[in-house]
Amino acid sequence: MPRFRPILDTMAPYKAGKSVAAPGGRSYKLSSNESPYEPLPSVLEAIAKAAREVHRYPDPAATELTEALAERYKVPAGHVTLGPGSVTVLQQLLTSVSEPGTEAVYAWRSFEAYPLMTGLAGMTSVQVPLKGEEHDLDAMAAAVNDRTRIVFVCTPNNPTGPAVRRAELEAFLDRMPEHVLVVIDEAYHEYVRDADVPDGLTLYADRPNVVVLRTFSKAYGLAGLRVGYMIAQEPVAQAVRKTVVPFAVNHVAQAAAIASLKAEDELLERVELVVKERTRVREALIEQGWTVPPTEANFVWLRLDEQRTQALNDACAVVGCAVRPYGADGVRISIGTPEANDVFLRAAADFRAGG
């Protein structure tokens, strides 16, 4: 029998959001924070063209996409590092800093991949409880020590929704030792409307230990193609590139991401529709009597005990609406089309009326 790492016996695989179908085949997937809209016509055209070229290897450096991102954000191309989804870039970051006995600090509950990736990297997770539904940055700073190598700040936080404000984030970054890499995970950045929530790219330029993670999966609607990226100062970017698997970002994904950047103004009009639906859904839930924290992402969060979490999940499944239950913590509901959102709101109202 081959010998495997003991850590594998303690870990469960990442669980993606599921789909369900009601009688008659009706199905609304609000479990994975995906865009409810297919790619724009110009992006689909770029995908079709690139698909005819898949007999060739992709550009391993993703040069054109890297330069497009550098131009979009007015940063040096050497500060941009790409991967097949931001979660893979996260894995590359952990590989770059992990050593036996080192620690990773992050809020909990937060992105489910953090404990999985941290454990696989051979590091120890230090989970700092949320303060309500928000990061407790003072407690997180107090948890940092000489063994800490990396800290994750998921803003807006997945699955609860709130984002970290500028003053508290800057104060937190100022407290971080130089040896600690701080990852500002902004997978939902495009949905932020609170003016007090900073753009992470305004914070990294004079902080060598700060990196920003973003993705094309959410607002850009390319979840199925897997394109994520990191922006960081050159020493960090160089270190992470050494951990990249060759040809990691495929040719079709690169072409789709480039086309999406070119069509960004049109694409962000769709994002605005999601933001408006987010407001409508949250206000409707509050009117029904639910407690719903403010959210800057493309989802809303309901804090529930284990029994009600599963019961609400089951009630939504009956009408063909898939939501995301989180054990004993609550349910996350992605914002979909108005039709899908209405199906969920009716299910939520019926559930609440039924006790």
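Now for a look at the structure at hand. (Residues numbered from 1 in each chain as written. Predicted model: local features only at pLDDT ≥ 70, side-chain atom pairs only at ≥ 80, totals over all residues. Heavy atoms only, no water.)

## Considerations on the environment of Cys321
Stated precisely, the cut-off is as follows: A run of H or I in DSSP counts as a helix once it spans at least four residues, and a run of E counts as a strand once it spans at least two, with each numbered from the N terminus. Each residue is placed in one exposure class: buried if its accessible area under a 1.4 Å probe, protein chains only, is under 20% of its type's maximum, exposed if it is over 50%, and partly exposed if it falls in between. Here, residues are in contact when the closest pair of their heavy atoms is within 4.5 Å.
With respect to the helices and strands, the residue Cys321 is situated in strand β10 (residues 321-322). Judged by its relative accessible area of 1%, Cys321 falls in the buried class. For the pair Cys321 and Glu190, spaced 131 residues apart in sequence, the C-alpha to C-alpha distance is 25 Å. Other than its neighbours up to four places away in sequence, Cys321 contacts Val20, Tyr28, Leu30, Cys316, Val343 and Phe344.

## What to know about the pattern of salt bridges
This is how the line gets drawn: One side-chain nitrogen of Lys or Arg within 4 Å of one carboxyl oxygen of Asp or Glu is enough to make a salt bridge.
Counted according to the given criterion, the structure contains 21 salt bridges. A salt bridge links Arg72 to Glu264, with the shortest nitrogen-to-oxygen separation between them at 2.6 Å. Of this pair, Arg72 sits in helix α2 (residues 63-73) while Glu264 sits in helix α9 (residues 264-288), placing them 192 residues apart in sequence. On the basis of relative accessibility, which here comes to 35%, the residue Arg72 falls in the partly exposed class. For Glu264, a relative accessible area of 9% corresponds to the buried category. Between Arg175 and Asp138 there is a salt bridge, with the nearest N and O atoms lying 3.3 Å from each other. Placement of the pair is Arg175 in helix α6 (residues 166-175) and Asp138 in helix α5 (residues 137-143), with a sequence separation of 37 residues. Under the relative-accessibility criterion, Arg175 is labelled partly exposed at 46%. For Asp138, a relative accessible area of 52% corresponds to the exposed category.

## Side note on empty space enclosed by the protein
Condition: We place a 1 Å grid over just the protein atoms. Points where a 1.4 Å probe fits but has no way out form a cavity, open points with protein on both sides within 12 Å along at least 5 of 7 lines form a pocket, and any residue with an atom within 4 Å of a point lines it. Grid points are joined across faces, edges and corners, and a volume is the space filled by probe spheres set on the points. Each residue is assigned to one class: nonpolar for Ala, Val, Leu, Ile, Met, Phe, Trp, Tyr, Cys and Pro, charged for Asp, Glu, Lys and Arg, and polar for all the others, Gly among them. An automatic or database domain assignment supplies the start and end points of every domain.
Scanning all chains against the criterion turns up 1 cavity of 30 Å³ or more. One number sums up the size of the largest cavity: a volume of about 90 Å³. Looking at the largest cavity, it is lined by 14 residues, and the ones nearest its centre are Ser35, Tyr37, Ala219, Gly221 and Arg270. Counted by class, the lining of the largest cavity contains 10 nonpolar, 2 polar and 2 charged residues. Looking at which domains feed residues into the lining of the largest cavity, each of domain 1 (6-38 + 264-354) and domain 2 (41-262) gives three or more.

## Overview of the packing of helix α10 (residues 306-318) against helix α11 (residues 338-353)
Our working rule: Lines fitted to the C-alpha atoms define the axes, with helices restricted to the stretch that makes contact. Angles between their N-to-C directions range from 0 to 180 degrees. Any angle that falls under 35 degrees is termed roughly parallel, while one over 145 is termed roughly antiparallel, one within 65 to 115 roughly perpendicular, and all others oblique. By convention, the crossing between two helices is left-handed when the near helix turns anticlockwise from the far helix through less than a right angle, and right-handed when the turn is clockwise.
At a minimum axis separation of 9 Å, α10 and α11 run at an interaxial angle of 130°. Classified by the interaxial angle, the pair formed by α10 and α11 is oblique. When the axes of α10 and α11 are compared, the crossing they make is right-handed. Of the residues in α11, those touching α10 at Arg308, Ala311, Leu312, Ala315 and Cys316 are Phe344, Ala347, Phe351 and Arg352. A per-class count over the contact of α10 with α11 returns 7 nonpolar, no polar and 2 charged.

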